[in-house]
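Coordinate analysis (summary)
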Amino acid sequence: MMDLAALNQVAEKMVAPGKGLLAADESSGTIKKRFDDIGVASTEDTRRDYRELLFRCTDALRDHIGGVILFDETIWQDAADGTPLIRLIEATGAVPGIKVDKGTRPLPGFPGETVTEGLDGLGERLAAYYQRGARFAKWRAVIDIGAGIPTRGAIKAGAHALARYAGLCQAAQIVPVVEPEVLMDGGHDIGRCEEVTRLTLQTVFEELYEQRVALEGMVLKPNMVISGMASGRKDSVQEVARRTLAVLKAHAPAALPGIAFLSGGQSDEEATAHLDAMNRMAPLPWKLTFSYGRALQHAAQHAWRGRRENVAAAQTAFSHRARMNGLASLGQWDGSKETAG
Ligand code: 13P
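Below is a short write-up of the structure. On a predicted model such as this, the values are computed, not experimentally measured, just so you know. (Residues numbered from 1 in each chain as written. Predicted model: local features only at pLDDT ≥ 70, side-chain atom pairs only at ≥ 80, totals over all residues. Heavy atoms only, no water.)

**Comments concerning the layout of surface pockets**
Looking at the largest pocket, its volume works out to about 660 Å³. Thr30, Arg34, Arg140, Glu181 and Arg294 are, among the 26 residues lining the largest pocket, the residues nearest its centre. Of all elements in the fold, only helix H2 (28–37), strand S6 (136–143) and strand S7 (175–182) reach the threshold of two or more residues within the lining of the largest pocket. Here the element with the most residues in the lining of the largest pocket is H2; it accounts for three residues. When the residues that make up the lining of the largest pocket are grouped by side-chain class, the tally is four nonpolar, nine polar and 13 charged. Lining the second largest pocket are 13 residues, and of these Asp49, Leu53, Trp304, Arg308 and Val311 sit closest to its centre. If you tally residues by element for the lining of the second largest pocket, the top one is helix H3 (residues 44–55), at four residues. (1 Å grid on protein atoms, 1.4 Å probe; cavity = no way out; pocket = protein on both sides within 12 Å on 5 of 7 lines; lining within 4 Å. Points joined across faces, edges and corners; volume = space filled by probe spheres on them. Helix = DSSP H or I, 4+ residues; strand = E, 2+ residues; numbered from the N terminus. Nonpolar A, V, L, I, M, F, W, Y, C, P; charged D, E, K, R; others polar.)

See below:
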């Protein structure tokens, strides 16, 4: 039987004041791309060594990270000394989570659009992940902006799958992180991003309602409202913050314990500055925090470059970004904190 009070407690813990989520759930294909950038071969051992390095940033995880999203391989992996990686995370007080979608495939009849797969057998997979210690999950729908897209049909298909996933998670006593990502690739302006993000969130919450998902027991992971990277436009921090908050206030019910943004290709400092600016626009009905992949790990990966002698520098780089984003989740960051000890 689903225990909503317990789900709510886990969700609140994930977005506790000053904390956010570390998205370390890159699929094998995505982590290979990241490792290619730093000249590291992607093998089971290098992936393990890299993730172990992050999860051994004990102070940073304890102080700034409410939850860590893992990929299937990682949740079953052991550290070099034989300790399961998931136990390292639990020991810091951060909640372990698991990416359960199986990625996107072309949506038939909708040229240029995709739908996320992975619902078949999901109930059984969730039960196994719960046994292993996962207490939340993640599923990402992808909405691309381009000529004639997105269509309502594709947005609805993605939102329906998200809602089915979320319902299955709650039945398995796992908090769903619901991630509808409107991509920031593309040449569109911020107004177009706003329009598509509004329609996407409205559709997602309609589907969540119809699938009887309890909002108190989930976390929303949205994109920010921002101009496409290929547009050549640079929005001010204030405009991104103002437009993103307006969209969320209109489309994300106050019953949600928290909203944790993806970084989506923003630079490390932009992602921090945007989050900080929004939290300075308090009071807000929900916790507003980060669930960053690239914006938390980029500096650490480049400091590491696969070399044992760089592990400490990589850990310092990761811990710094975790602290900066923790401050931003409280509206207490400013540029001077980037260089201050
Ligand atoms: P980025 O912060 O790198 O966008 O990754 C977050 C994530 O989990 C995307 O699914």
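**Some details on the site of the ligand**
What surrounds the ligand is a group of 13 residues, the closest being Lys138, Lys221, Ser263, Gly264 and Arg294. The side chain of serine 263 places a nitrogen or oxygen atom 2.5 Å from an oxygen atom of the ligand. Measuring from an oxygen atom of the ligand, one finds a backbone N or O atom of glycine 264 at 2.7 Å. Taken by itself the ligand offers 300 Å² of open surface, and the protein chains cover 91% of this. The cavity where the ligand resides is the largest pocket. For the shell around the ligand, the secondary-structure elements that each account for two or more residues are S6 and strand S10 (287–292). Per-class residue counts for the shell around the ligand are three nonpolar, four polar and six charged. (Near = heavy atom within 4 Å. Polar contact = N/O pair within 3.5 Å; in protein donor to acceptor, adjacent residues only side chain to side chain. Areas by Shrake-Rupley, 256 points an atom, 1.4 Å probe, with all protein chains shown as cover. Sits in = over half its atoms within 2 Å of the grid points.)

**Structural notes on the sheet that holds S7**
One closed barrel holds the eight strands; their spatial order is S1-S2-S3-S6-S7-S8-S9-S10, and the pairing between them is parallel. Strands in contact with helix H12 (residues 294–304) are strand S1 (20–24) and S10; relative to S1, the strand with the most contacts, it is inclined by about 60 degrees. Against the sheet, helix H13 (residues 311–328) touches S1, strand S2 (65–70) and S10, its axis set at about 160 degrees to S10. (Pairing = 2+ DSSP bridges. Contact = heavy atoms within 4.5 Å. Axes fitted to C-alpha atoms, helices over the stretch in contact; angles between N-to-C directions.)

**Description of the pairing of strand S3 (residues 95–99)**
Judged by how many residues are buried, S3 sits mostly within the fold: five of five residues are covered. Residues Val95, Gly97 and Lys99 line one face of S3 and the alternating positions Pro96 and Ile98 line the opposite face, and both faces are buried. Here four bridges tie S2 to S3, and the two strands are oriented parallel to one another. Across the sheet, glycine 67 pairs through a bridge with valine 95, a residue of S3. The pairing of S3 with S6 spans three bridges and is classified as parallel. (Buried < 20%, exposed > 50% of the residue type's maximum accessible area, 1.4 Å probe, protein only.)

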